[in-house]
Structures are given as C-alpha cells and as structure tokens.
Amino acid sequence: MSQNNLTSVVVGNRASISKPRLGLARKRAIIRFLFILPTLIFLAAMFVFPIIYNMIMSLENYTTISIATGNAPFVGLQNYIQLFQMPLMSQATWNTLEFVIGSILFQVIIGMAMALFFKRDFPFSTFLRTLILLPWLLPLIVTGTIFKWIFDQSHGVLNYILMQLHIIHAPIGWLISPNMALISVIITNIWVGIPFDMVLFHSGLQQIPDELYEASSLDGANRWQQFIHVTIPLLRPVLAIVLMLALIYTLKVFDIIQVMTGGGPANTSQILSTWSYTLSFQDMSFGQGAAVGNIMIVISLFFSYFYLRFTKES
Amino acid sequence: MPRQGLRRSHLTIIGALIVCVMLFPVYWTVTSSLETNTQIFATHPYLITPQFDWQTYRIALQTQLPHLVSSLIIATGTTVLCVLVATPAAYAISHLQFKKVTWLIVALLISQMIPSVSLDNALFIIFNKIGLLNNYFGLMLTDCTFSIPFNILILRAFMQSIPKDILEAAYVDGAGDLRTFIQIILPVSKSVLITAGLFAFLFAWGDFLFSVTMITQNSFQPITVSIYGYISQYSQSWNQMMASAVLASIPAAVLLILSQRYITAGMTSGSVKG
C-alpha cells in the first residue's frame, strides 16, 4: 500500500505542475490511455469475445454445415445434456483428475527435493541446475515425440532397461495398453513440470534467512527436523502458489497427450482438453466441443479464484 | 554448515548424476537421431552411437526446413507484436495512475488461466469467418494469448522497481509520458525486455494447438505441426523423427545457453510476484 501512497504523492505533484493548462491535462490523459488501449483491445478480441462466442456455440448444434452456411440451430442445453449422458464424460473427468493429481504430486515432491539439493553450495551447482531447465523449455510436441519413442513397446529404451534389470519379463505396451497409457502420459508430464517447480522452490528457499537454520542447529535440530520446522512453514506461501499454478497448467495440458496417445486406447487417456478438441475437430461437433471447453473454463476459474485470493493476501 | 556429511565435490557428482537421469530422454533423442534404421532397431540398443550418420539430418532438414522457416516467422512476429503491446501497458500499470488498474491485473491473471482449448474452439470459427485461417498474422494473434498477459506481468514486476525519483525528475524537466517511456523506461528495462521477448518467442515456437487448427495448408505449417503429421505418417522412421525433434529444440537450447539468467528470473517473476 505504501507504493500507492507514493504514486499519489508523485501524481499530486505532477497535477499541480500542469494545473494551469487544463487542455494539456486532458491531452495527457488521452496519451496515457493509449498506453493500455492495445492491451484492452487484445483482451477483448482474443479472450472476452471468444469466450462469449464459445458460450453461444455450446447452445447450438454447430457442425460443418454451420461453418459453410454461417448459422447453427439453437438447441438450448441439449449439448450439455448429451455430454452428461455419455459414459465418456465421467471417464474423461476421472482421467483428468488422475492426470492432475498424479502429475502434481510427483512434480512437487521431486521438484522440492531437487531445490533442496541444489540449494547447497558446491562446484557447478548453478550450471547443473540450469541444465535441468531444458525439459521445461522444449516444445511439448517434441517432448511427446521423444517419450513416444522411449515408451515404444518393441524398440523403446525403457522396456529394454527394465528387462535388462529383470524388473519386468515381457515388454510393456506403455502407450497401447489401456492400463498403462494414462500412467505413461503422467510420467511425461511430471518430467516437464519438475524444472518449473524446482525453480520456484529454489527461489523460495533463498528467501529463508540462514540464521534460522543456524539457530535451529544450535538447538540440536537435525536436517529432517529443520526441514519440517523451518523450511516447510516458511515455504508455505511458495508451496501454495506452486500447487495452484501446477493445477491450472496441468488442466490445460493438451499437446503431450495428443501426440503420445491421442486420448487412446479406448479413451483411457482421454482428458477434458483432448476430448474437447476431438469433439470439435475430429467429430466436427463444435457445439459439444465448446460445451466441454466451457466446463474447463469453469473448473479453471474455480481454482483461479483461490489463487487470486491467495496472491492478494501475500 | 554444522554437519560435515558429504564433501562438496561429492555433491557435484550427485548433482551431475541427477542431471544425467533428468536429461537422459534428451540424450537418447540425440543419439537416436544419429543412427541408421538398422542401428536404431538393434536388439541391444547402442548407448553410444557407433558411428554418426548425418544422412538422417540431411533428409530431416530437407523435409523440415520450410516448416522451421514458418516457425521462425511466426515466433519472431509474435515476439514483436507481444512486446509492442505488452511494454506500454506494463509501464502504464506500474507508473501511470489508473483507477481500475487492479481490475486489469486481475483480468490478466485470469486470462492466463483460461484453457487454450476453449479459446481455440471459438477462435477457429471466428477466424474462418473473417479470413484469418492459414494466415501468419492470425496465428501470431492467437500465440500472443500465451505471451501478452504473461509478459505484462513480468514487465510490470520489474518496472515497479524503477525509482519514482527518476521519472519525477523527467516530468519536472517537461518530458511527457511518451518521452519518459521511450527515453528512460525502455533503456532501463533492456534486460527484462529481453526476458519477455524470449518467452514470447519460445511460447510461439512451441505452440501446437493453435497451429494445428489455424493452419491447414501444409506449406504454411510450423515445425510442431509438421512433426505431429510426420509421426502419424511414418510411424517407424524413429531416427528421422528424432532428428526433427532435435531441430525443433534448437531455439530452446540456444536460448537456455545464452540467457539462462533471464529465463530463471522470468519463471519466478511471472508467477510468484504476479
């Protein structure tokens, strides 16, 4: 809030300078507005308008014919009713839930462990930490392609390693077996997310003063006790933000699944995002695709609400 | 440190091992891309490629070059567009007084959370109506949905830290908002502008969803769509696919090497301080 006060002081000064010339003040207000005008137009055209359009489409029977003729019959809530009658609705929702929870749980645990490790001072620590960022920066289509090759049943290196180590006796059809497909895409998504969580945790850890660790070790606390009683409580705000961002990001994941399994086999790795795409761009029922898209918006907004409330507090 | 435990050099070795495990998929991609079709399907895969087969890259480059150029055009255009729109807005939010500024920030935060799939659905129909399908500019606009909100927040986090005294001095000297912005804010913000540009570029380069829906003509397709198409068409040419994957990853790798400091800074300031 002190920043706001400061701004008002500055602006107050400026206002008093330009007071005699009212026309100038007005001109200045217009110039100032021009600074944010492009952003406002962009947000209106690329977010507000499509979201409203999507809502309307979800109430229409929008098909390829509609694309050609430009109009679609209004069907009320029929798209939503049909969707909720499909067994795929609950399947895709469950898959999304499993995908989100599985991804986040492991991303956060591994990311935190790595952040703690790389917080210690040793030669090449920064260099090694930087290398780990690479998975997060690769195009997701590339990541999906790479893991599709690694998970390949007959020639993939993962099955080879597991067989050599005698962990498994027959090659696993990671991406083609209904029991394994979702797990495989979750593993891939964990790999992508670890660096992001690690970076955020690492910067959070730097904020914790060393004195706290020194004091607690004088009190006889071991590393584990320090972690539980010093690190975790002080890292709670960062942890909350990481969890929230990971949640919102994971709900949006599309590319990895689309390239690795396409939601298959038999929809066992179909999550809401891939399903929405499939409905629109493969089944050509844009109305239903829009409806699933809207359900996703509602879920995201639900979690954004908590995120916003949290960032406002801190 | 009170506990002796491991020596510092041991930590380096453990750290290197962690990196090896984490980056093994990337390593595997590179070795696979340098193998012949016989080598790649050997019963015992080679951990180290016996002899480099650059032929794979020659063919991959031949097929992928137009798509790499496409991606380069789209990503560069998106970067320019994004920085042009986001920078003045960030300045206005952090230094010019607007009554509803909190609402704008909330709107930006929310817009980052809207799933692209939901936007994509309506934007495809809208773009089809106004003739922006198969249009580079159209795709740049959609790719900006990732980077404009994200970058305004990054730039704002930095610009807030510019001391007000400097700006005030400029005002006293009679500089208007525009001149202050160009002559003071922009030069000071150079490093954060690079960060913002990097992210805009990487987001656009990596985009697949918007590209695959908005670009239907093969010749325009960016590299991500081309790789996706390649997988479904030639599902057994793994060395070719891995070579294409390596080519598509070059910008990410280069940017990581050249500007890792900025990337880490952007990752944290874009989200935590947002």
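One can find the structure itself at the top, above this paragraph.
Residues numbered from 1 in each chain as written. Chains lettered and ligands numbered in written order. Predicted model: local features only at pLDDT ≥ 70, side-chain atom pairs only at ≥ 80, totals over all residues. Heavy atoms only, no water.

Description of the overall build of chain A
Phase 1: Helix and strand counts for chain A come out as 15 helices and zero strands.
Phase 2: Over its C-alpha trace chain A gives a radius of gyration of 26 Å, far above what one expects of a compact globule, namely 20 Å for 314 residues.
Phase 3: Projected onto its principal axes, the C-alpha positions of chain A cover 85 × 75 × 30 Å.
Phase 4: Residue pairs at least 24 apart in sequence account for 66% of intrachain contacts in chain A once pairs closer than 6 positions are excluded.
Phase 5: When the accessible surface of chain A is totalled, it reaches about 14,900 Å², and 68% of it is carbon and sulfur.
Phase 6: Looking at chain A, you have 16 positive and 12 negative side-chain charges, and the mean spots of the two groups are 21 Å apart. (Helix = DSSP H or I, 4+ residues; strand = E, 2+ residues; numbered from the N terminus. Rg over C-alpha atoms; globule rule 2.2 N^0.38 Å. Contact = heavy atoms within 4.5 Å. Areas by Shrake-Rupley, 256 points an atom, 1.4 Å probe, with all protein chains shown as cover. Lys, Arg positive; Asp, Glu negative; His and termini not counted. Charge placed at Lys NZ, Arg CZ, Asp CG, Glu CD.)

What about the pattern of salt bridges?
Phase 1: Following the criterion strictly, the structure yields two salt bridges over all chains and no others.
Phase 2: With its nearest N and O atoms 2.9 Å apart, the salt bridge here joins D177 of chain B to R32 of chain A. Of this pair, D177 of chain B sits in helix α8 (residues 177-188) while R32 of chain A sits in helix α2 (residues 22-57), each in a different chain.
Phase 3: Classification of R32 of chain A as buried rests on a relative accessible area of 10%.
Phase 4: Note that R8 of chain B and D121 of chain A form a salt bridge whose closest N and O atoms lie 3.7 Å from each other. Separated into two different chains, R8 of chain B in helix α1 (residues 8-33) and D121 of chain A in the loop between α5 (87-119) and α6 (125-131) make up a pair that spans both.
Phase 5: When its relative accessible area of 57% is taken as the criterion, D121 of chain A is described as exposed. (Salt bridge = Lys/Arg side-chain N within 4 Å of Asp/Glu carboxyl O. Buried < 20%, exposed > 50% of the residue type's maximum accessible area, 1.4 Å probe, protein only.)

What to know about empty space enclosed by the protein
Phase 1: Per the counting criterion, the structure on display carries four cavities of 30 Å³ or more.
Phase 2: Within this model, the largest cavity holds a volume of roughly 1,000 Å³.
Phase 3: When contributions to the lining of the largest cavity are tallied by element, the ones reaching two or more residues are α7 (134-137), α10 (181-206) and α12 (223-252) of chain A together with α4 (101-113), α5 (116-130), α6 (136-159), α9 (190-206) and α12 (238-271) of chain B.
Phase 4: Of all the elements, α12 of chain A adds the most residues to the lining of the largest cavity, at five residues.
Phase 5: Across the lining of the largest cavity, the residue classes break down as 28 nonpolar, nine polar and four charged. (1 Å grid on protein atoms, 1.4 Å probe; cavity = no way out; pocket = protein on both sides within 12 Å on 5 of 7 lines; lining within 4 Å. Points joined across faces, edges and corners; volume = space filled by probe spheres on them. Nonpolar A, V, L, I, M, F, W, Y, C, P; charged D, E, K, R; others polar.)

Examining unusual backbone geometry
Residues and elements named next belong to chain A.
Phase 1: The omega torsion of the bond from G264 to P265 falls at -10°, within 30 degrees of zero and hence cis.
Phase 2: With respect to the helices and strands, P265 occurs in the loop between α13 (255-260) and α14 (272-282).
Phase 3: Non-glycine residue N267 carries a positive phi angle of around 60°.
Phase 4: Looking at the element boundaries, N267 is found in the loop between α13 and α14.

Regarding the packing of helix α3 (residues 55-95) of chain B against α6 of chain B
Phase 1: Contact geometry of α3 of chain B with α6 of chain B gives a least axis separation of 6 Å together with a crossing angle of 40°. Relative to α6 of chain B, the crossing made by α3 of chain B is right-handed. (Axes fitted to C-alpha atoms, helices over the stretch in contact; angles between N-to-C directions. Left-handed = near helix turned anticlockwise from the far one by under 90°.)

Some details on the packing of helix α8 (residues 140-150) of chain A against α10 of chain A
Residue and element names in this part refer to chain A.
Phase 1: Running from amino to carboxyl end, α8 crosses α10 at an angle of 135°, the nearest separation of the two axes being 10 Å. Relative to α10, α8 is oriented oblique. With respect to the hand of their crossing, α8 and α10 are arranged in right-handed fashion. Residues L140, T143 and F147 of α8 touch α10, and the partners they reach there are T188, W191 and V192.
Phase 2: Its residues assigned to classes, the contact of α8 with α10 comprises four nonpolar, two polar and no charged. (Parallel < 35°, antiparallel > 145°, perpendicular 65-115°, else oblique.)

Quick look at the environment of I132 of chain A
Phase 1: Summarising the element assignment, I132 of chain A is placed in the loop between α6 and α7.
Phase 2: The exposure class assigned to I132 of chain A is buried, which follows from its relative accessible area of 0%.
Phase 3: For the pair I132 of chain A and N222 of chain A, spaced 90 residues apart in sequence, the C-alpha to C-alpha distance is 28 Å.
Phase 4: Those residues in contact with I132 of chain A, other than ones at most four positions away along the chain, are M114, F118, P195 and M198 of chain A together with I18, V19 and M22 of chain B.

Some remarks on the side chain of S147 of chain B
Phase 1: Residue placement: S147 of chain B occurs in helix α6.
Phase 2: Residue contacts for S147 of chain B: discarding those within four places in its chain leaves T78, C82, A200 and F203 of chain B.

So, the packing of aromatic side chains
Phase 1: Applying the stated criterion to the full structure yields 38 aromatic pairs over all chains.
Phase 2: Here F254 of chain A and F208 of chain B contribute two aromatic rings whose centre-to-centre distance is 6.1 Å and whose plane-to-plane angle is 20°, an arrangement assigned as stacked. Of the two residues, F254 of chain A is situated in the loop between α12 and α13 and F208 of chain B in the loop between α9 and α10 (209-214); the pairing between them involves two chains. Comparing F254 of chain A with F208 of chain B, the two get one shared label, buried.
Phase 3: Taken together, the aromatic side chains of Y62, F254, Y277, F281 and F286 of chain A together with F124, F208 and Y228 of chain B make up a single cluster linked through ring pairs. (Phe/Tyr/Trp six-rings, centres within 6.5 Å; stacked < 30°, edge-to-face > 60°.)

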